[in-house]
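Breakdown of the fold
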Amino acid sequence: MSTAANRTAGPDHLWTVDEHLEDILATVRPLEPIELQLLDAQGCVLVEDITVPVSLPPFDNSSMDGYAVRVTDVAGASEEFPAVLTVVGDVAAGQSEPLHVGPGETARIMTGAPLPPGAEAVVPVEWTDGGLGGGPVTGMRARSQAPEGAGGHVHVYRSAQARAHVRAKGSDVKAGDRALDAGTVLGPPQIALLAAIGRGTVRVRPRPRVVVMSTGSELVQPDEQLADGQIYDSNSFALTAAARDAGAIAYRVGAVADDAETLRDTIEDQLVRADLLVTTGGVSVGAYDVVKEALSSVGDEDEEGAGIDFRKLAMQPGKPQGFGSIGPDHIPLLALPGNPVSSYVSFELFVRPAIRALMGLDDVHRPTTRATLTTDKALTSPKGRRQFLRGTYADGEVTPVGGAGSHLIAALALADALIVVPEDVESVEPGTEVQVVLLG
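All values reported here derive from a predicted model rather than from experimental measurement. (Residues numbered from 1 in each chain as written. Predicted model: local features only at pLDDT ≥ 70, side-chain atom pairs only at ≥ 80, totals over all residues. Heavy atoms only, no water.)

1. Observations regarding the nonpolar core
Our working rule: The term nonpolar core refers to a set of buried residues drawn from Ala, Val, Leu, Ile, Met, Phe, Trp, Tyr and Cys, joined through side-chain atoms within 4.5 Å. Exposed residues in this analysis have more than 50% of their type's maximum accessible area, buried residues have under 20%, and partly exposed residues fall in between, with area computed by a 1.4 Å probe over protein chains only. Starting at the N terminus, helices and strands are each numbered in turn, a helix being any DSSP run of H or I of at least four residues and a strand any DSSP run of E of at least two. Any pair of residues with heavy atoms lying within 4.5 Å of one another is described as a contacting pair.
One finds L276, F350 and I355 to be the most contacted residues of the largest nonpolar core, which totals 42 residues. Elements represented by at least two residues in this core include exactly helix 2 (17-27), strand 14 (209-215), helix 5 (235-246), strand 18 (276-280), strand 22 (331-336), helix 8 (340-359) and strand 27 (417-421). Top element by residues in this core is helix 8. It accounts for 12 residues. Apart from residues no more than four positions distant in its own chain, F350 is found in contact with V17, H20, L21, I24, L313, M315, Q321 and L334.

This is the structure in structure tokens:
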């Protein structure tokens, strides 16, 4: 269902939540893939399967600081009857010329160092006298302080099975294995794996650039002095943070005054750094609803197919909404209502899925569950509207917080879920099972 197709429905057409979301997701397309350095790709979505070119670990190596030994040489060793072995040298991590361990010999070995030829196992240094002759030790002395530790003899007080304390080649992943699937979001562990298998760059869909701007001459920036009739701009901060939480690179634009020309100029200036534009405020039916005034006819000036459609949705909060594209590159724009709760709920329902769609994710929605409503009295909901109430969810139960007012920011700050009341339900009794959208 496209935006263009539904403009013919007329200004009084009441859209459902699902129709509006379907329209958005039918219009928004994943961003084109690019090649990025690993750290720049954090938070991005892979567009290729990653195959392991080299096994991890690439060689048998020690999981302990100790001594590389032959099993027969330490068989039956004890503190009363230790095995005495000749130390032929050190094997350190990164060492390129491995020693050979022959009968009656051992090599002092460090964690991560390759198991030398001839050795079959590693005994931890704590099972030995460390070459000092004074009983079990707790560790090795630094080579710089005691270079003699790489030679002489060592007493071993315990036997070892074959492959003891040895990390086998390919025990993590083997060459040819698939390391990561296309569609994976790259977090720190995935970036670590890519680096470990030698990938310095990776092909991904970039994180969307989202520009957020609030409108209203009454808005003042935090830390500034309030005059009569003014309020602090919270929406642009909330939505910018929400966009970043959704995976976007988000830019906040300070509140734009109620002037259509100023708003159009501001939006035009921001197009150069936007994959998605989000405005809040000015979309209702008031005389100063500047977003609606500024953008209703923008399609007449832009390329064919561009334009913003302002519509009414059968939902509470968030009835007035706007959606379309703007500029020569047809950048998607979502115009949200200005009341803080309406704005945030609208973001969760519509903007967050759009951001996730731009990223190329298959699942763009918040998780949902069913929960038992815990409340002192029945919840009421307007007929024909899908209502979204703030709540707290725990252990299969959900409790409303705050009232239905769309200005209640304090209650919103306590909520970690949205309680969904369907369009055909006007009252929900305590103990009823309800659908819940999980925000955290």
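2. Some details on the packing of aromatic side chains
The line we're drawing: Aromatic pairs are defined between Phe, Tyr and Trp rings, using the six-membered ring for Trp, whenever the two ring centres lie within 6.5 Å; interplanar angles under 30 degrees are classed as stacked, those over 60 as edge-to-face, and all others as tilted. Placement of a charge over a ring requires the Lys NZ or Arg CZ to be within 6 Å of the ring centre, with the centre-to-atom vector within 35 degrees of the ring normal.
Scanning all chains against the criterion turns up 0 aromatic pairs. Here R252 stacks its cationic end above the ring of F237, 4.0 Å away from the centre of that ring. In this arrangement the basic side chain of R311 is found over the ring face of W15, its NZ or CZ atom lying 3.6 Å from the centre.

3. Let's talk about the environment of H365
Its location among the elements puts H365 in the loop between helix 8 and strand 23 (368-373). For H365, a relative accessible area of 40% translates into the label partly exposed. Separated by 15 residues in the primary sequence, H365 and F350 place their C-alpha atoms 9.4 Å from one another. Other than its neighbours up to four places away in sequence, H365 contacts L21, L25 and P353.

4. Examining the sheet that holds strand 13 (residues 201-205)
Quick reminder of the rule: Two strands qualify as a pair provided DSSP detects at least 2 bridges between them.
In spatial order, the strands read 2-13-3; together these 3 strands make up an open sheet with antiparallel pairing. Bordering the open sheet on either side are strand 2 (34-37) and strand 3 (45-46), each of which pairs with just one other strand. Inspection of the sheet shows strand 2 paired to strand 13 by 4 bridges, in the antiparallel sense. Across the sheet, L36 pairs through a bridge with V202, a residue of strand 13.

5. Section: the sheet that holds strand 19 (residues 307-313)
Paired through backbone hydrogen bonds, the strands of a sheet run either parallel or antiparallel to each other. Rules: All axes here are fitted lines through C-alpha atoms, helices being fitted over the stretch that makes contact, and every angle between N-to-C directions spans 0 to 180 degrees.
An order of 1-19-21-22-18-14-17 is seen for the 7 strands of this open sheet, with the pairing classed as mixed. This sheet does not close on itself; its edge strands, each paired only once, are strand 1 (14-15) and strand 17 (249-256). As paired strands, strand 19 and strand 21 (residues 320-326) are joined by 6 bridges and run antiparallel to one another. Pairing of D309 across the sheet is with F323, part of strand 21. Its contacts with the sheet put helix 6 (residues 260-270) on strand 14, strand 17, strand 18, strand 21 and strand 22, and the angle it makes with strand 14 is roughly 165°.

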